[in-house]
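A look at the structure
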Amino acid sequence: MQGDVADLRREEFSLFVIGFFALFSAMEYVFGVFVSRLTSVFASLIPALLLFLLLRNNALIPHIELAMAIAVIIRLLFALMTYKEQVITWGAFVLSAAAVYLCLIRKTFDGAVFTDKLLFVCLAALVLSSAQKLFCEKKNNAFPFYYFVIISFFSLILPMKTEPIDWTKAIEVGERIVSGFKDAADNASYYLSFVFKDDSYTAGYSSFDVTGDRVGKSDKEQLLLETDEKPFFIFKDEETGSNMKMRRNIYLSGGRGVEEGNIVRYLNFLHSNEADREMTTLFSQLSRVNIEYVYLDTSDEIAPINSYVLTNEGRKIEAGVSGTQHKKGYRLQARFLDIDYGSPYLISMLENSPTALNEEDMSFAEANSYMQEIYNMPLDSIMTEAEYERAVKIDEEYLKGYTDTAGSSERMMDLVKELTSGNVSEYEKCKNIETYLRQYPYSTDTAGGHEPGSNMSTAEGMADIADRFLFETQKGYCVHYASSMVMLLRLAGIPARVSVGYRYAYPFEQMETYSVGSNCAHAWPEAYLQGFGWMPFEPTSAYMTAADFSWHRVAAPDKKDIGKNTVYEQPSIPDIPEATKPEPVEQENNTATTQILMIAAIVALSIFLLIVLLIAGTIVIRNIVYRRGNNEKRLSMDVEMIKKVLRKLYKGDFTDRGLLSDYVEIAPFDHQAEIKKVFDIYYRSIYASTESRHVSGDEAEMARLLRLKLSNLQ
């Protein structure tokens, strides 16, 4: 889109429509050799549907699936319409009038564009052909010389304008037409993915086995969110004094489930900083959201970070992974703690909070009372005392799993020292690393680690991806940024992990449901800050940081100075270094060509198999009809096959006038008498009186043997 005008790349789009139309016409002709015309029309839709499924998420050629759908619709109209010749003859004049109007009045055709010229040349030829059919053929004077002269004249001198066509309306109509096909195709492909177990609908949402190689773009709907809460926060701009809106953002993490330890650690963090209800409402609130799976096939529970209650149809869910695959329609009800990680008040607490593990933790009774005080909800409504006691004890062995730096290079260690030296708090170290990484350009057309199998499931894999990203390719997407920040944090002595799921920014308008597409799929790092718990960061340069989507809530006038004197200020960050070597040539420079060839091979194979199926089906059906038919039916079928054999045996020109006597004349001399006898029986079965039409078993057998005898002569 450019502004409000859709850029269809009309030259390529028009050529694709023409190409697909020619392809489907050719398929219809090929199938017509083996089956009836109507059957061949619908048989050609099978490869078309397969091609549509293969192209529906294509990112290489925009709108190619729309071009294919238009070609199919046009081909069907041409194949099934009645009075086809009359429609084409008079339709040519209507199309030409519309084209002239668009060109001269709307000024929407460009003479420099090949497809625009091609359109007018074809329309001119079509109009003149129609005019010639209406007038010249009546005088038996078809195809006059000036016919070609006028075609050339029109193609050379007809003025064309340079202003582009506004295809917006056409796109809207086309999308409405195609949406039905796409929905049906998506549903078919979604349910087939379970039959063949190909995990085709985990694209978008991914696990930790992502390698960081080139990815394609897609916007398939994967989740639906329902909430009664406003999708935005309202705040007053300090400079203008006017009310502003800030869109809400939500991190939906997969495979985590309810992390009671994070809620407990956060609650104790607030208590150690003596935060009262007024203070906590400046940067946190209890929220609810219902989540429905759409085109998603995973056993992971996908829920907001800091979820403290997850249910499915009233059943409480604790684990982050289910024992079965969740399919379309699976629903989760989530209650979670929504935190503004960019709030200056929260940052002030982080800068001054105790750092020792398990320092001044509350008892369960104290925690229960404190949560009631600040959130108006008792803690015992979401966990038991035993669960609290387990959660409040930070297991150092548990944290060790998030400090593994295996595979890290010397240059990564040097970079960490440069970024974190002299800093006082863990939070400052995290922000320095986050800010540094945001200097790298975002790109989905890049490479993973040096080793093809490197992924985010291991420290070695993340280190390999990070090292290549930081010092060689120096461009990437969330996998590269998250892997890099996690490994740099661990090298700085801070436990860190990668979360995968979605980051969704609500729209400004409140809706009944909010659609989360696969383009919202994301991976982000989380750091374990002692005394606080897990905190997400956003090093990916294409996304806003927590400070960018802060709620902008301000304390009451008598407490307005709270948190202002220690707000984090970003120190000087070094520039990213020059790449140590040129970016390696991608392993698949001809990705587009390879994909097109693969699609062409699959469609060609489907056409071949369909032809085989049509031939086999025709033979089987014909044999069944022949065996179950009466003598008259078998005689009729034998006569048709005898005619077909005779046409093949005859080497000269033959015109079928509908007379069986013509076939007798072209038959081999030795068989003419027998053929004439069978044909006479056939004529009698059609034209004789009712009582004389009966065909005996011997007569039917005579026709069958004659057909077999002639077939052996081929």
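Please read these numbers as outputs of a predicted model, since none were measured by experiment.

Conventions we followed
- Residues numbered from 1 in each chain as written.
- Predicted model: local features only at pLDDT ≥ 70, side-chain atom pairs only at ≥ 80, totals over all residues.
- Heavy atoms only, no water.
- Helix = DSSP H or I, 4+ residues; strand = E, 2+ residues; numbered from the N terminus.
- Buried < 20%, exposed > 50% of the residue type's maximum accessible area, 1.4 Å probe, protein only.
- Contact = heavy atoms within 4.5 Å.
- Areas by Shrake-Rupley, 256 points an atom, 1.4 Å probe, with all protein chains shown as cover.
- Phe/Tyr/Trp six-rings, centres within 6.5 Å; stacked < 30°, edge-to-face > 60°.
- Core = buried A, V, L, I, M, F, W, Y, C linked by side-chain atoms within 4.5 Å.
- Axes fitted to C-alpha atoms, helices over the stretch in contact; angles between N-to-C directions.
- Parallel < 35°, antiparallel > 145°, perpendicular 65-115°, else oblique.
- Left-handed = near helix turned anticlockwise from the far one by under 90°.
- Pairing = 2+ DSSP bridges.
- Nonpolar A, V, L, I, M, F, W, Y, C, P; charged D, E, K, R; others polar.
- Patch = residues over 30% accessible without salt bridge, like charges linked within 9 Å, V, L, I, M, F, W, Y side chains within 5 Å.
- Salt bridge = Lys/Arg side-chain N within 4 Å of Asp/Glu carboxyl O.
- pLDDT = per-residue confidence, 0-100.
- Polar contact = N/O pair within 3.5 Å; in protein donor to acceptor, adjacent residues only side chain to side chain.

1. With respect to the overall build of the protein chain
A count of helical and extended segments in the protein chain gives 23 helices and 15 strands. For the protein chain, the proportion of its 714 residues judged to be buried stands at 45%. The contacts in the protein chain between residues at least 6 apart in sequence include a share of 76% that link residues at least 24 apart. With the model as given, the accessible surface of the protein chain reaches about 37000 Å², and the carbon-plus-sulfur share is 57%.

2. Considerations on the packing of aromatic side chains
Evaluated as defined, the whole model comprises 19 aromatic pairs. On the numbers, 5.0 Å between centres and 80° between planes, the contact of tyrosine 402 with tryptophan 534 is edge-to-face. With tyrosine 402 in the loop between helix H14 (396-400) and helix H15 (410-420) and tryptophan 534 in strand S15 (residues 533-536), the pair connects residues that are 132 residues apart, well separated along the chain. Each ring, one from tyrosine 683 and one from tyrosine 687, has its centre 5.9 Å from the other, and the planes form 35°; the classification is tilted. With tyrosine 683 and tyrosine 687 both in helix H22 (residues 672-687), this residue pair falls four residues apart, about one helical turn. Looking at tyrosine 683, the relative accessible area reads 30%, which means it is partly exposed. Following the ring pairs from residue to residue traces out a cluster consisting of Tyr398, Tyr402, Tyr528 and Trp534.

3. A closer look at the nonpolar core
Core analysis: the biggest nonpolar cluster contains 105 residues, and Leu225, Leu270, Leu437, Leu470 and Tyr502 have the highest contact counts within it. When residues of this core are assigned to their parent elements, the largest contribution, nine residues, is made by helix H18 (residues 478-491). Setting aside its immediate chain neighbours within four residues, leucine 437 contacts Phe469, Leu470, Tyr481, Ser484, Met485, Leu488 and Pro539.

4. Quick word on the packing of H15 against helix H17 (residues 459-473)
At a closest axis distance of 10 Å, the pairing of H15 and H17 adopts a crossing angle of 70°. In terms of axis orientation, H15 runs roughly perpendicular to H17. H17 is crossed by H15, and the crossing has left-handed handedness. Facing H15, whose interface residues are Arg411, Met412 and Leu415, H17 presents Ala463, Ala466, Asp467, Leu470, Phe471 and Glu472.

5. Describing the sheet that holds strand S1 (residues 221-226)
Reading across the sheet, the six strands line up as S9-S8-S11-S5-S1-S13 and stay open at both edges, with antiparallel pairing between neighbours. Sheet topology places strand S9 (315-316) and strand S13 (514-517) at the edges, where each strand pairs with a single neighbour. Relative to strand S5 (residues 284-293), S1 runs antiparallel, the two sharing four bridges. Bridge pairing links leucine 224 to glutamate 292 in S5. Against the sheet, helix H9 (residues 260-272) makes contact with S5, strand S8 (307-312) and strand S11 (331-339), and its axis sits at roughly 20° relative to S11, the strand it touches most.

6. A few points about the sheet that holds strand S4 (residues 249-254)
Sheet architecture is open: five strands sit in the order S7-S4-S12-S14-S15, paired in antiparallel fashion. The open sheet terminates on both sides in strands that have one partner only, identified here as strand S7 (302-304) and S15. Taking each pair of neighbouring strands and ignoring which way they run, the sheet shows an average axis angle of 45°. Both strand S12 (residues 496-505) and strand S14 (residues 521-529) contribute to a ladder of seven bridges, which runs antiparallel. Residue pairing for S14: valine 500 is matched across the bridge by alanine 523. Taken strand by strand, helix H16 (residues 426-437) contacts S14 and S15, and its axis lies near 150° from that of S14.

7. What to know about the environment of proline 536
Assignment of secondary structure puts proline 536 in strand S15. A C-alpha to C-alpha distance of 9.5 Å links proline 536 and arginine 497, two positions 39 residues apart in sequence. Beyond its immediate sequence surroundings of up to four residues, proline 536 is in contact with Ile305, Tyr341, Trp524, Pro525 and Glu526.

8. Focus on the packing of H9 against helix H13 (residues 385-392)
Relative orientation of the contacting elements H9 and H13 amounts to 80°, with a least axis distance of 8 Å. Here H13 runs roughly perpendicular to H9, going by the angle between their axes. Residues Glu260, Gly261, Val264, Arg265 and Asn268 of H9 form the contact with H13, whose own contacting residues are Glu387, Tyr388, Ala391 and Val392. Grouping the constituent residues of the contact of H9 with H13 by class yields four nonpolar, two polar and three charged.

9. Thoughts on a nonpolar patch on the surface
There is a patch of nonpolar side chains on the surface, built from Leu605, Phe608, Leu609 and Val612 and spanning about 390 Å² of accessible area. If you trace the backbone, phenylalanine 608 turns up in helix H19 (residues 591-628).

10. Section: the environment of serine 253
Structurally, serine 253 is set in strand S4. Using a relative accessible area of 3% as the deciding quantity, one classes serine 253 as buried. As a C-alpha pair, serine 253 and arginine 503 span 250 residues in sequence and 8.5 Å in three-dimensional space. Sequence-distant contacts of serine 253, defined by excluding residues within four places in its chain, comprise Glu301, Ile302, Ala303, Ile305, Ser499, Val500, Gly501 and Trp524.

11. Observations concerning the pairing of S11
When S5 meets S11, the two strands line up antiparallel, connected through nine bridges. Looking at S11, one finds that leucine 286 is bridged to leucine 337. Of the pairings in the sheet, the one linking S8 to S11 comprises four bridges and is antiparallel in character. Within S11, the residue paired with serine 307 across the bridge is phenylalanine 336.

12. Observations concerning the confidence of the model for the protein chain
Predicted confidence across the protein chain gives a mean pLDDT of 79, with 75% of residues reaching 70 or more. Scored below 50 in pLDDT, residues 192-203 shows 20 contacts in the model against residues more than four places distant or in partner chains.

13. Concerning the pattern of salt bridges
Inspection of the entire model under this criterion finds 19 salt bridges. Note that glutamate 292 is salt-bridged to arginine 331, the shortest N-O span being 2.9 Å. Taken together, the positions of glutamate 292 in strand S5 and arginine 331 in strand S11 put the pair 39 residues apart, joining distant regions of the chain. Residue classification places arginine 331 among the partly exposed residues on the basis of a relative accessible area of 27%. A salt bridge links glutamate 701 to arginine 704; the shortest N-O distance between them is 2.6 Å. Note that glutamate 701 and arginine 704 are positioned in helix H23 (residues 697-711) at a spacing of three residues, about one turn of the helix.

14. Considerations on the side chain of serine 307
Looking at the secondary structure, you find serine 307 in strand S8. Reaching out from serine 307, the side chain makes a polar contact with the backbone oxygen of proline 304 at a distance of 2.5 Å. When sequence neighbours within four positions are dropped, the list of residues in contact with serine 307 reads Gly257, Val258, Glu259, Ile263, Ala334, Arg335 and Phe336.

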